[in-house]
Amino acid sequence: MIKDYQIDPRSGKLMHVDLMEVAMNEKVKLQVAVHISGTAAGVKEGGIFQYGQRNLEIECLPANIPDSLMSISSI
């Protein structure tokens with residue numbers, strides 16, 4: 001599993017990758033991106049939608065790691 005990586009700021013090329021060995025039967029803690037979908041009712045009436053949490057820490061088995069978490073803001 002990729003733990004961290006470094007990108008060259010000038011060329012944009014990958015410079016370094018830190019890998020982490022995981023056991024498939026042990027839970028891991030990691031950050032998962034939150035993606036917002038839809039349009040909130042307040043935005044439809046001229047408001048501004050802001051959210052501070054762009055990532056959430058989750059704990060799960062490696063086989064169950066989601067690419068991202070989806071939140072629907074059409075309430």
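Predicted model, so just to flag it, every value in this text is computed and none were measured.

**Description of the nonpolar core**
Listed in full, the five residues of the largest apolar core are Val28, Leu30, Val32, Ile58 and Cys60. For this core, the secondary structure elements donating two or more residues are strand E3 (28–37) and strand E4 (55–60). Per-element tally for this core: the top contributor is E3, with three residues. What Cys60 contacts, discounting residues up to four positions off in sequence, is Glu26, Lys27, Val28 and Ile65.

**A short note on the pairing of strand E1 (residues 2–7)**
Judged by how many residues are buried, E1 sits mostly at the surface: zero of six residues are covered. With five bridges joining them, E1 and strand E2 (residues 14–19) adopt antiparallel strand pairing. Bridge pairing in E2 places Gln6 opposite His16. The loop that links E1 with its antiparallel partner E2 comprises six residues; one of these, Gly12, has a positive phi angle of about 80°.

How each quantity is defined
Residues numbered from 1 in each chain as written. Predicted model: local features only at pLDDT ≥ 70, side-chain atom pairs only at ≥ 80, totals over all residues. Heavy atoms only, no water. Core = buried A, V, L, I, M, F, W, Y, C linked by side-chain atoms within 4.5 Å. Buried < 20%, exposed > 50% of the residue type's maximum accessible area, 1.4 Å probe, protein only. Helix = DSSP H or I, 4+ residues; strand = E, 2+ residues; numbered from the N terminus. Contact = heavy atoms within 4.5 Å. Pairing = 2+ DSSP bridges.

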